[in-house]
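Inside the fold
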Amino acid sequence: MDEMTKDSDNMLVDGYRRKIDYLRISITDRCNLRCVYCMPAEGIDLIKSANILRYEEIIRLVRIAARRGVSKVRVTGGEPLVRKGIIDFLSELNSIEGVNDLSLTTNGVLLAKMAGELAASGLKRVNVSLDSLKPDRFEKMTRGDNLGDVLNGLKAAEGAGLSPVKINMVVIKDFNEDEIIDFARMSIDNPYHVRFIEYMPFDTEAGWQKDKCISAAEIKNICSEVAPLVPVSDTKGGAGPARRFKYAHAKGEIGLISPVSDHFCGSCNRLRLTADGKLRTCLFSDKEIDVRTSLRDGSEDSVIEKILFQAAIEKPERHYINENVFKRCSRTMSLIGG
Ligand code: SAM
Ligand code: SF4
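Residues numbered from 1 in each chain as written. Chains lettered and ligands numbered in written order. Predicted model: local features only at pLDDT ≥ 70, side-chain atom pairs only at ≥ 80, totals over all residues. Heavy atoms only, no water.

Within the structure shown, the criterion is met by two aromatic pairs. Relative to F89, the ring of Y55 lies with its centre 4.4 Å away and its plane at 20 degrees, an arrangement referred to as stacked. Placement of Y55 in helix α1 (residues 55–67) and of F89 in helix α2 (residues 86–94) is noted, with a sequence separation of 34 residues between them. The exposure classification of Y55 matches that of F89, with both residues buried. Positioned over the ring face of Y55 is R83, at 4.0 Å from the centre of the ring. Against the face of Y22 rests R270, its NZ or CZ located 4.5 Å from the ring centre. (Phe/Tyr/Trp six-rings, centres within 6.5 Å; stacked < 30°, edge-to-face > 60°. Helix = DSSP H or I, 4+ residues; strand = E, 2+ residues; numbered from the N terminus. Buried < 20%, exposed > 50% of the residue type's maximum accessible area, 1.4 Å probe, protein only. Lys NZ or Arg CZ within 6 Å of the ring centre and 35° of its normal.)

So, in structure tokens, the structure goes:
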């Protein structure tokens, strides 16, 4: 391995002077659910197993990225908990010098079974995706009947100390908007951070339309019907792009994430790694930079490092999803890593 030392002048920064300190890693495109806004029911072109990065390849990449300023890592998918060996992988990620914030996004189906070992691996926090508390609607949305498993998973994560447990609800007009208040109320008696996410445009069967997207401002108004919302500004729990509020005396809080109506590109600090080894510069851009080839052809760390710098420099200033030039991404969230 070639010599590289941490050099504060040589950290990952993009062309707009944004510091890149966050890597979101998809470890699989496989999933045990089929959410209508994310994956088709069948006929999915799965990535060939041979093309999926091995854990040791990802670990090497993260080690190199950590020397250049990446300190936050989120593991996602597809559904990350379906990939074998994830616990040992997380332990290794957690032991990388410089990585001090390790988290995971999951649909929660396997969380009740795995929360204890996930916490023991060094994982700090989980985000659990949950869009409906009504069994029939949950089933329609995910094409699975696992609502009970997910709710048990939330409790297990809380019990295991994976805190704060964040719940991600994607709000879709005429589908689950009537549950915004029920979700907001969950933050009163539980220490959950309930985050409402605007429905984003990907090329899926559900067919995104702008009028299906309820803005964060509208969601906030609806949440305010329960009780006044007080802004939260501390930085505990890796707030990221969420605008945070809470009800007075609530155990948890509420977050509003507005990629569509009010983008937060100016403070974007992340790169994404797909399961097949492409670095993506923006969730809404099809620009991909291959790193798998260099991870497999005996290249030195300095080559991988250059690829990371190239990806950072190619980050676009912002997304264009509200403009005519915007073309929906060819990959869906299950392939990019949400
Ligand atoms: N399977 C895991 C899960 O569901 O949490 C991790 C991967 S999933 C692709 C990550 C997140 O992307 C989920 O919270 C999901 O709701 C979100 N997502 C997928 N498609 C979306 C869309 N069109 N708009 C908004 N969020 C979306
Ligand atoms: Fe699977 Fe997550 Fe996509 Fe749902 S959102 S299909 S759980 S990857």
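Next comes the rest of the account.
Across the sheet, twelve strands lie side by side as β7-β8-β9-β6-β5-β4-β3-β2-β1-β10-β11-β12; this open sheet has mixed pairing. Either end of the sheet is taken by a strand with one partner, and the two such strands are β7 (229–231) and β12 (288–290). The average angle at which neighbouring strand axes cross in this sheet is 25 degrees, direction not considered. For strand β1 (residues 22–26) and strand β2 (residues 72–76), the ladder comprises five bridges, and the chain directions are parallel. Note that in β2 the partner of Y22 across the bridge is K72. Across the sheet, helix α6 (residues 180–189) touches β5 (166–171), β6 (193–198), β8 (243–247) and β9 (253–257), and the angle it forms with β6 is around 150 degrees. (Pairing = 2+ DSSP bridges. Axes fitted to C-alpha atoms, helices over the stretch in contact; angles between N-to-C directions. Contact = heavy atoms within 4.5 Å.)

Near ligand 2 the following residues occur: C31, L33, R34, C35, C38, M39, G78 and N107. For the shell around ligand 2, the class distribution of residues is five nonpolar, two polar and one charged. (Near = heavy atom within 4 Å. Nonpolar A, V, L, I, M, F, W, Y, C, P; charged D, E, K, R; others polar.)

In total, this model carries 18 salt bridges according to the counting rule given. R30 is the salt-bridge partner of D29, the closest N and O atoms lying 2.6 Å from each other. On the basis of relative accessibility, which here comes to 26%, the residue R30 falls in the partly exposed class. Through salt bridges that share partners, R54, E56, E57 and R296 make up one connected network. (Salt bridge = Lys/Arg side-chain N within 4 Å of Asp/Glu carboxyl O.)

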